[in-house]
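Examining the three-dimensional arrangement
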Amino acid sequence: MKLMTERQMNSQQTRKPAARSRVVAVTGASGGIGRATAIEFARQGAAVALVARGEQGLKAAAEQVRAAGGVALVVPTDMADPAQVQEAVDQIEAELGAIDVWVNVAFTSVFSRFDHITPAEFARVTEVSYLGYVYASMAVLPLMKGRGRGTIVHVGSALAYRGIPLQTAYCGSKHAIQGFHESLRCELLHDKSPVKVTMVQMPAVNTPQFSWVLSRLPRRPQPVPPIYQPEVAARAVVHAADHPQRREYWVGGSTVGTLIANAVAPGILDRYLARTGMSSQQTQEPQPSDAPVNLWDPADQDHDFGAHGRFDARSTSRSPQVWASQHHGVVGAGAALVGGLVAGIWARRR
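Described in the following lines is the structure provided in the data block. (Residues numbered from 1 in each chain as written. Predicted model: local features only at pLDDT ≥ 70, side-chain atom pairs only at ≥ 80, totals over all residues. Heavy atoms only, no water.)

Turning to the packing of aromatic side chains, a few remarks are in order. Applying the stated criterion to the full structure yields five aromatic pairs. Between the aromatic rings of phenylalanine 210 and phenylalanine 311, the centroid separation amounts to 6.1 Å while the plane-to-plane angle is 85 degrees, which identifies the pairing as edge-to-face. You can see phenylalanine 210 sitting in helix α7 (residues 209–212) and its partner phenylalanine 311 sitting in the loop between β13 (282–286) and β14 (315–316), a full 101 residues away along the chain. Relative accessible area serves as the criterion here: at 5%, phenylalanine 311 is assigned to the buried category. With 5.1 Å between their ring centres and 80 degrees between their planes, tryptophan 212 and phenylalanine 305 make a pair best called edge-to-face. Highlighted residues: tryptophan 212 in helix α7 and phenylalanine 305 in the loop between β13 and β14, separated in sequence by 93 residues. Accessibility expressed as a relative area gives 11% for tryptophan 212, which makes it buried. Taken together, the ring pairs connect Phe111, Phe210 and Phe311 into an aromatic cluster. When the ring centre of tyrosine 249 is taken as reference, the NZ or CZ atom of arginine 246 above it lies at 4.2 Å. (Phe/Tyr/Trp six-rings, centres within 6.5 Å; stacked < 30°, edge-to-face > 60°. Helix = DSSP H or I, 4+ residues; strand = E, 2+ residues; numbered from the N terminus. Buried < 20%, exposed > 50% of the residue type's maximum accessible area, 1.4 Å probe, protein only. Lys NZ or Arg CZ within 6 Å of the ring centre and 35° of its normal.)

If you want it as structure tokens, here you go:
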């Protein structure tokens, strides 16, 4: 069944370009950050493997990748299954060539109080959202090390450092990814390996997850403002892939503020989130009883949700902080220059 679906969705002739393009694999590529990232790589002319579950979402994503100038290969895969992940890596290498960049994005979640989540649901979130990153890295890393080149990009979140209410399974997974990423990076540094691994910590993003996440909340879930469009996240991921020497990048002023507050006064932040975190993650609309659920089966199997969620009117397409995060040297030099000028003026006035 999986092979039949692949043939159907790749029927538009996935061809290797005459001159070798960068080969990029993106998990969770049928929607949200993964889809926007795949399109952003396609604008660079990359050959992009779209790794996800939903047939219609993958088909539409492949069309957008081709329209943006890239080569698209659809690879239906459940990231919670290590055998499927290994098959996906083998297929990509056989049909597109050596993988240069692997981007781990795929996740699922449950919006609920912890004591309303079942063990099976918690395990499923962990298997997709954390172990999916592990299985993919486990499958592609030996190939990259053998070739002496390659980059793995982990898409994380401010919630990799700061847990919030109603998202115990998701926050646990993101914390686990952070620890896994740091350990793996240390090993590669010890080996002086040319293979790089970096992580991009995301803010609240306007993705379809808020329409298809399993939710036991009385009202519809929402990202906590400020909300950023997926393209902001995608540009940050591509930059990280192009500059993987950094251990991680932070996206959005809210991410910076959250991580600093958590480092300085985590207890105060606990109490603040206890007071505001429940209501800020819900709209005023009641949760529909027939809302799609993406936990066990892909919500975009028969319907394409696109890269954006329902919050376009409240989302921003820019983040000056991202530029600052990517250009620490320029920002530091500018700050030193301003500091020197201020000190000089102060000295003259004295």
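Attention shifts here to the environment of glutamine 222. Checked against the element boundaries, glutamine 222 lands in the loop between β10 (219–221) and β11 (227–228). With residues up to four places along the chain from it excluded, the contact list for glutamine 222 reads Phe210, Ser279, Ser280, Gln281, Gln282, Thr283, Phe311 and Arg314. Here the side chain of glutamine 222 touches serine 280 through a polar contact of 2.9 Å, landing on its backbone oxygen. Engagement of the side chain of glutamine 222 in a polar contact is seen with the side chain of arginine 314, the distance being 3.0 Å. (Contact = heavy atoms within 4.5 Å. Polar contact = N/O pair within 3.5 Å; in protein donor to acceptor, adjacent residues only side chain to side chain.)

Compared with the 16 Å implied by 1.5 Å per residue over twelve residues, the 17 Å span of helix α2 (residues 32–43) between its first and last C-alpha is a close match. Every buried residue belonging to α2 is among Gly32, Ile33, Gly34, Arg35, Ala36, Thr37, Ala38, Ile39, Glu40, Phe41 and Ala42, and all of these are buried. Glycine 45 occupies a position one or two residues after α2 and carries a positive phi of about 85 degrees. (Expected span 1.5 Å × (residues − 1).)

The biggest cluster of nonpolar side chains holds 39 residues, and the ones touching the most others in it are Val26, Phe41, Leu50, Val103 and Val200. For this core, the element with the most residues is helix α8 (residues 230–242), which contributes seven residues. Residues Ala47, Ala88, Ile92 and Ala106 belong to the second largest nonpolar core, which totals 30 residues. (Core = buried A, V, L, I, M, F, W, Y, C linked by side-chain atoms within 4.5 Å.)

What follows deals with the pairing of strand β2 (residues 47–52). Within β2, six of the six residues are buried, which leaves it mostly tucked inside the rest of the structure. By the alternation rule, side chains of β2 split into Ala47, Ala49 and Val51 and Val48, Leu50 and Ala52, which are all buried. Sheet analysis places strand β1 (residues 23–27) next to β2, joined by five bridges and oriented parallel. What sits directly across from valine 23, in β2, is alanine 47. Each parallel crossover has a hand, and the one from β1 via α2 to β2 is right-handed. Between the parallel elements β2 and strand β3 (residues 71–76), the chain passes through helix α3 (residues 55–67) in a crossover that is right-handed. (Pairing = 2+ DSSP bridges. Right-handed = clockwise from strand over helix to strand, strands pointing away.)

Next up on the list: the pattern of salt bridges. In total, this model carries 13 salt bridges according to the counting rule given. Aspartate 242 is the partner of arginine 22 in a salt bridge, and the nearest nitrogen-oxygen pair spans 2.9 Å. In this pair, arginine 22 sits in the loop between α1 (2–9) and β1 while aspartate 242 sits in helix α8, placing the two residues 220 residues apart along the sequence. Here aspartate 242 falls in the partly exposed class, since its relative accessible area comes to 34%. Between arginine 247 and glutamate 182 there is a salt bridge, with its nearest N and O atoms 3.1 Å apart. In this pair, arginine 247 is assigned in the loop between α8 and β12 (248–250) and glutamate 182 in helix α6 (residues 168–190), connecting sequence segments 65 residues apart. Linked through salt bridges whose partners overlap, the residues forming this network are Glu182, Arg247 and Glu248. (Salt bridge = Lys/Arg side-chain N within 4 Å of Asp/Glu carboxyl O.)

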